[in-house]
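This is what each chain is made of:
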Amino acid sequence: MKIYFHLCLDEFTNSYLVVNDNPKVMEALIIDPVVVSEELINQIEKGGYSLTGVLITHNRESLIRPLTTLKKIYSPYVYAADYEIAGSKSIVIHGDGHLKVAGLEVEYYSVPGHASDSMLFKIGDILFTGDVITSGIIGETSGSYFKRMLCDNIEKKIYSQTDGTVIMPGHGPPSTVAAERSFNLDTNEKKRLL
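(A) Spatial organisation of the overall build of the chain. Counting secondary structure elements, the chain contains five helices and 14 strands. Here the chain has a C-alpha radius of gyration of 16 Å; the compact-globule value for 194 residues is 16 Å, and the two agree. In terms of its C-alpha atoms, the chain occupies a principal-axis envelope of roughly 50 × 30 × 30 Å. The buried share of the chain, taken over its 194 residues, is 51%. A separation threshold of at least 6 residues defines the contact pool for the chain, and within that pool the share at least 24 residues apart is 51%.

Here's what the structure looks like:
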């Protein structure tokens, strides 16, 4: 497995191309495609990969045009927790579970708080978190109730992972579960208040 990082400078948003480079598989998936760049297409095409899946961590307007473009070029299944993303070749996921996409085992976890449809995707020891958690802080919420809900979900679904699990967020640099558990300002603030 290889992971290619793509940064959309317009929104400072991270997208990830994950490829299964097993010669018998040669498939790829994209997590949160915010922009379909020439570099992204070249990585898929020159690598000889078949794009079979798109994983969406939460619905946002900036995903609509890139998803439409990807569906015109390829025929990937889209996995999301929001019915608005659902269309042809889309699968709506709920709760926690497992998928097999691009020949890779993918675990998914529901983590409402930032958005009602926020999902985490784990492939191997790498956790793709979207806007749920970013190096040192949590995602924005619309009030104290949702902030507490998000912190509780982070405790249960992220901090329960092994220390070395790498966190690939929707914004900012990568982190690890150990670093976030020790230094995340928002979740540690919750601990201090208890």
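Having seen it, we continue.
(B) The arrangement of a nonpolar patch on the surface in detail. On the surface, F5, L7, L9 and F12 cluster together into a nonpolar patch covering about 440 Å² of accessible area. Following the sequence through the fold, F12 ends up in the loop between β1 (2-8) and β2 (13-20). According to the relative accessible area criterion, F12 is exposed, its value standing at 55%.

(C) View of the pairing of strand β4 (residues 50-55). Here strand β3 (residues 27-31) pairs with β4 via five bridges, running parallel. Pairing of I30 across the sheet is with V54, part of β4. Crossover β3 to β4 through helix α1 (residues 38-47) is right-handed. Across three bridges, the pairing between β4 and strand β5 (residues 77-80) is parallel. Residue pairing in the sheet places L55 in a bridge with Y79 of β5.

(D) How the structure looks around the pattern of salt bridges. Summed over all chains, the structure comprises five salt bridges. Here D21 makes a salt bridge to K2, at a shortest N to O gap of 3.9 Å. Separated by 19 residues along the polypeptide, D21 in the loop between β2 and β3 and K2 in strand β1 bring together distant segments of the chain. For K2, a relative accessible area of 39% corresponds to the partly exposed category. Residue K100 pairs with E105 through a salt bridge whose shortest N-O separation is 3.6 Å. This pair shows no difference in class: K100 is exposed, exactly as E105 is.

(E) Main features of the sheet that holds strand β10 (residues 126-130). Pairing in this open sheet of six strands is mixed, and the strands run β7-β8-β9-β10-β13-β14 from one edge to the other. A strand with exactly one partner marks an edge of an open sheet, and here the two such strands are β7 (97-101) and β14 (175-176). Relative to strand β8 (residues 104-110), β7 runs antiparallel, the two sharing five bridges. By the bridge assignment, L99 is partnered in β8 with V106.

Parameters and conventions
- Residues numbered from 1 in each chain as written.
- Predicted model: local features only at pLDDT ≥ 70, side-chain atom pairs only at ≥ 80, totals over all residues.
- Heavy atoms only, no water.
- Helix = DSSP H or I, 4+ residues; strand = E, 2+ residues; numbered from the N terminus.
- Rg over C-alpha atoms; globule rule 2.2 N^0.38 Å.
- Buried < 20%, exposed > 50% of the residue type's maximum accessible area, 1.4 Å probe, protein only.
- Contact = heavy atoms within 4.5 Å.
- Patch = residues over 30% accessible without salt bridge, like charges linked within 9 Å, V, L, I, M, F, W, Y side chains within 5 Å.
- Areas by Shrake-Rupley, 256 points an atom, 1.4 Å probe, with all protein chains shown as cover.
- Salt bridge = Lys/Arg side-chain N within 4 Å of Asp/Glu carboxyl O.
- Pairing = 2+ DSSP bridges.
- Right-handed = clockwise from strand over helix to strand, strands pointing away.

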